[in-house]
Amino acid sequence: MEETKKTSRWNANKTQAVVMLGLLTAIVIVLQAFSVGIQFGYFNVTFTLIPIIVGAALYGWKAGAWLGGVFGATVLISGQAAGFMTLNPAGTIITVLLKGILAGLVAGLVYKLISRKSELAAVITAGIAAPIVNTGIFLLGCVVFFFNAMAAGAAAEGYSGVFSYLILFMVGGNFPFELGINLVLSSAAVYIIKLGKKLIRSSAK
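An account of the accompanying structure is given in this report. (Residues numbered from 1 in each chain as written. Predicted model: local features only at pLDDT ≥ 70, side-chain atom pairs only at ≥ 80, totals over all residues. Heavy atoms only, no water.)

On the surface, a nonpolar cluster with roughly 430 Å² of combined accessible area is contributed by I94, L98, L140, V144 and F145. Of all the elements in the fold, those that place two or more residues in the nonpolar patch are α5 (89–114) and α6 (119–145). By residue number, the principal contributor to the nonpolar patch is α6, which donates three residues. As for its position among the elements, F145 is in helix α6. Under the relative-accessibility criterion, F145 is labelled partly exposed at 30%. (Patch = residues over 30% accessible without salt bridge, like charges linked within 9 Å, V, L, I, M, F, W, Y side chains within 5 Å. Areas by Shrake-Rupley, 256 points an atom, 1.4 Å probe, with all protein chains shown as cover. Salt bridge = Lys/Arg side-chain N within 4 Å of Asp/Glu carboxyl O. Helix = DSSP H or I, 4+ residues; strand = E, 2+ residues; numbered from the N terminus. Buried < 20%, exposed > 50% of the residue type's maximum accessible area, 1.4 Å probe, protein only.)

As structure tokens, then:
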């Protein structure tokens, strides 16, 4: 009888996790589609990092990586990376998917490490880490796969070098905004995570 109860609880927890991840996946897709019309600097601003962080906090770094991958796939399917696809399709796919996956993965690991001491500090730190990783991998992809195009762009815009062009022109407008959005929404994310953990604990009883 006790074994049957444990199996039933495990199945309930698994079902709840699948449902919640499905919901967060849908939210990531909708928010990324919504961000198409919002642009600061050269690129569209993404609002999807918060649900990615929530998923990573509730279900671990694997969930964060999955949601980050969904974010990257949505960017590719929606055509937001169309300009890069014309230059190097393989490099674009690798960069876009990798930056999303690693942003979610790192957010999950950072949250797990710090949440033992402070929930708020963990969410804020994860909220800082996610856009840094997302932008950092993008810049790395630009150097590895699109260096010649970036050099031409730097020359056309009057920048002295590729790296100053990438940092000041390509990401200088939207990265601070994305980081600020994550920090502002951290308190809401903490509340959502606490509520989610309470639901998980109640279903485990």
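This part covers the packing of α5 against α6. Remark: α5 packs on α6, axes separated minimally by 8 Å, with the N-to-C direction vectors making an angle of 160 degrees. Of the possible angle classes, the one that applies to α5 and α6 is roughly antiparallel. Considering how the two elements wind past one another, α5 and α6 form a crossing that is right-handed. Considering only residue class, the contact of α5 with α6 consists of 19 nonpolar, six polar and two charged. (Axes fitted to C-alpha atoms, helices over the stretch in contact; angles between N-to-C directions. Parallel < 35°, antiparallel > 145°, perpendicular 65-115°, else oblique. Left-handed = near helix turned anticlockwise from the far one by under 90°. Nonpolar A, V, L, I, M, F, W, Y, C, P; charged D, E, K, R; others polar.)

Structurally, G108 is set in helix α5. Placed 15 residues apart in sequence, G108 and V123 show a C-alpha to C-alpha distance of 9.6 Å.

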